[in-house]
Amino acid sequence: MDSEIQGFFKNKTVFLTGGTGFLGKVIIEKLLRTTEVNRIYSLIRPKRGVPIEDRITTWAKDPVFEVLLRTKPDALQRVCPIAGDCLDPDLGISQSDQRILTAEVQIVIHGAATVRFDEALHISLAINVRATRLMLQLAKQMTQLVSFVHVSTAYSNCVVHDIAERFYPEHLNCSSDKILAVGELVSNKLLDAMEPSLVGSFPNTYTYTKALAEDVILREAGNLPLSIFRPAIIMSTYKEPLVGWVDNLFGPLALCFGGARGIMRVTTVDPSAKISLVPADYCVNVALACAWRTAEISVQNGKVTTPPIYAFAPSENNLMSYGNFIKSSIIYRDIIPLTKMLWYPFVLCISTTSLFPLAAFFLHTLPGYFFDLLLRLKGRKPILVDLYRKIHKNIAVLGPFSSTTWNFDMTNTMELREAMSKQDRNLYDFDMAQLDWNDYFKAAMYGMRLYIGKEKPTAESIAKGLKLRMRLKVLHYAFASSLVALAGYILYSLARLVV
């Protein structure tokens, strides 16, 4: 017997943006595997010379769909691509496709976004804000619409440290309609030059434009049956559809992989600050539950006046610090080390940002020049110095998030879970209070080795990694001992000169 959420999606037609991204793929997989959804229209950006249908066909080889296709071999046939681009002024959707969407779609999940923190303002504004307005306009024409879920971020209002499940228009220098109007009047170059004055106290264009997108919804959603989903930092899946599945190196996972490779050895972080990580499969479950609940509330109340907001972050009784996060990832160098490492994995945490350039010079830049010299001597292209420049830029961009603790109110999300049946809470679990962080990190690190490092956890592969780790460990401590001895000798010589 179907659960309430399964019954809600049964024979429904869904329109999803961001379907080719990390979270989007997991949403599609979960919908196809656990519900009898009629059809999923997925907005896909056309690529020159590649039919959009082929983008879906290649998913048959993507690990994330393995479990689904074993039980439902024809499941992906229910995914229909819609050519479009959130950068385009009209979303790039043809008139014929618009007619199909407005006539058939009952559920919208708008997850498309640029998540680059340092994205140019004109691009972030177009994808994250203008596209949201255009999606609202399209949704208002959908004759069968029962639910619209906008995927935002828990950090959309990170200018304050205690974030409630409400709108914060007071933090914007200008309202979303005014900013969009300015964007239409000035050149991209001029708009980007205005970034410091427009962004204000927001740490980057990503969080700023996500806040603007929420303001668009507050002002323009009208009577749409709509809710906002605010997930924190999305990491690898925990259990579904695969343990530890991931296909990108965004956010903290880049630190984990860089540390595992022995490339990244120092970063700026406050070890006591809390890191708000959430598993991708839990996020998907919240998003689908939001869609169900939004429709339920709309039916009960007749209309939605102020769209409800559902934040999703670690439970206040089950938090993880940055210090424990780094320790939890580093210990796997002794369990499942990679077979390709540049140096013995370790990460030095610098909480004083003024000391970071000095530490980075000795632990990153100087070794980078040395290894690049070796590559040149072997006739190969040098890569490390440029790589470290990018790493240091990313560390600077992520700095505000690795040294600050935010408190996220999740009252609505907890009430959402309480409203779900026991069957749904099992099928669409997102209980962060019961999450076993050690077990989750085990899943994430094994998944990172397999899906990012492309190294299967076979006995032979792990033995090879352990052998390399031991060799690099001996080399590391021998080198460190030599440096200490050299420093001691220099100090001793200076002391004798003084005497």
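The model shown is predicted, which means the values in this text are computed figures rather than measured ones.

S.K.: Can you break down the overall build of the chain residue by residue, with the values?
M.R.: Scanning the chain from terminus to terminus reveals 19 helices and 15 strands. Computed over the C-alpha atoms, the radius of gyration of the chain is 25 Å, within 12% of the 23 Å expected from 2.2 N^0.38 for a compact globule of 499 residues. A principal-axis box enclosing the C-alpha atoms of the chain has dimensions of 90 × 55 × 50 Å. With 499 residues in all, the chain has 53% of them scored as buried. Contacts spanning at least 24 positions in sequence make up 83% of the contacts within the chain whose residues lie at least 6 apart. Averaging the positions of the 54 positive and the 45 negative side-chain charges in the chain gives two centres separated by 9 Å.

S.K.: Give me helix α2 (residues 22–34): which residues, what numbers.
M.R.: Relative to the 18 Å expected for 13 residues at 1.5 Å per residue, α2 spans 19 Å between its end C-alpha atoms, a close match to the ideal helical length. Most of α2 is tucked away: 12 of the 13 residues are buried. Looking only at α2, the buried set comprises F22, L23, G24, K25, V26, I27, I28, E29, K30, L31, L32 and T34.

S.K.: Just give me the short version of the nonpolar core, but keep the residues and values in it.
M.R.: Within the largest apolar cluster, 115 residues are counted, with the highest numbers of intra-cluster contacts made by F9, L32, Y155, F229, F312, F325 and M445. If we skip the residues at most four places from it in the chain, F229 touches V149, H150, V151, S152, T153, C283, V286, A287, C290, Y310 and F312. The next biggest cluster of nonpolar side chains, apart from the first, holds 42 residues, and it includes F15, L136, L212 and I309.

S.K.: So what's going on with the side chain of R449? Residues and values would help.
M.R.: When you line up the elements, R449 lands in helix α18 (residues 437–452). Among all residues touching R449, those that are not within four sequence positions of it are I336, P337, L338, T339, K454, E455, K456, P457, S461 and I462.

S.K.: For the packing of helix α11 (residues 252–260) against α18, give the residues involved together with the corresponding values.
M.R.: Helix-helix packing is characterised by the crossing angle of the two axes and by the distance between the axes. Their axes nearest at 11 Å, the elements α11 and α18 cross at an angle of 75 degrees. Relative to α18, the element α11 is oriented roughly perpendicular. Where α11 abuts α18, its residues L253, C256, F257 and A260 lie against M445, M448 and I452. A breakdown of the residues in the contact of α11 with α18 according to their chemical character gives seven nonpolar, no polar and no charged.

S.K.: Can you tell me about the sheet that holds strand β3 (residues 79–83), naming the residues and giving the values?
M.R.: Strand order in this open sheet of seven strands is β3-β2-β1-β4-β5-β7-β12, and the pairing throughout is parallel. Two strands in the sheet have a free side with no partner beyond their single neighbour: β3 and β12 (309–312). The sheet shows a mean angle of 20 degrees between the axes of neighbouring strands, taken without regard to direction. Strands in contact with helix α10 (residues 205–220) are β5 (147–151) and β7 (226–231); relative to β7, the strand with the most contacts, it is inclined by about 165 degrees.

S.K.: Which residues make up the confidence of the model for the chain, and what values go with them?
M.R.: With 98% of its residues at a pLDDT of 70 or more, the chain shows a mean pLDDT of 92. When mean pLDDT is taken per element in the chain, strand β4 (residues 107–110) scores highest with 98 and helix α3 (residues 52–57) scores lowest with 82.

S.K.: An account of the UniProt feature "domain: Thioester reductase (TE)" (unreviewed entry) in the chain is requested, with residue identities and associated values reported.
M.R.: In the numbering used here, UniProt assigns the "domain: Thioester reductase (TE)" (unreviewed entry) feature to residues 16–286. As annotated, residues 16–286 has a helix share of 39% and a strand share of 15%, and its two end C-alpha atoms lie 15 Å apart.

S.K.: Outline unusual backbone geometry, listing residues and values.
M.R.: In the segment running from E240 into P241, the intervening peptide bond is cis, with an omega of -15 degrees. Position of P241 relative to the elements: it lies in the loop between β8 (233–235) and α11. Positioned with a positive phi, N11 is a non-glycine residue whose angle comes to about 65 degrees. By secondary structure assignment, the location of N11 is in the loop between α1 (4–9) and β1 (13–17). A positive phi angle, near 55 degrees, is found at K454, a position not held by glycine. Along the polypeptide, K454 turns up in the loop between α18 and α19 (459–498).

S.K.: Go over the side chain of T34 with me, naming the residues and quoting the values.
M.R.: Structurally, the position occupied by T34 is in helix α2. For T34, a relative accessible area of 12% puts it in the buried group. Not counting residues within four places of it along the chain, the set of residues in contact with T34 comprises Q6 and Y428.

Analysis parameters
Residues numbered from 1 in each chain as written. Predicted model: local features only at pLDDT ≥ 70, side-chain atom pairs only at ≥ 80, totals over all residues. Heavy atoms only, no water. Helix = DSSP H or I, 4+ residues; strand = E, 2+ residues; numbered from the N terminus. Rg over C-alpha atoms; globule rule 2.2 N^0.38 Å. Buried < 20%, exposed > 50% of the residue type's maximum accessible area, 1.4 Å probe, protein only. Contact = heavy atoms within 4.5 Å. Lys, Arg positive; Asp, Glu negative; His and termini not counted. Charge placed at Lys NZ, Arg CZ, Asp CG, Glu CD. Expected span 1.5 Å × (residues − 1). Core = buried A, V, L, I, M, F, W, Y, C linked by side-chain atoms within 4.5 Å. Axes fitted to C-alpha atoms, helices over the stretch in contact; angles between N-to-C directions. Parallel < 35°, antiparallel > 145°, perpendicular 65-115°, else oblique. Nonpolar A, V, L, I, M, F, W, Y, C, P; charged D, E, K, R; others polar. Pairing = 2+ DSSP bridges. pLDDT = per-residue confidence, 0-100. UniProt positions renumbered as here; feature names shortened; annotations may be inferred.

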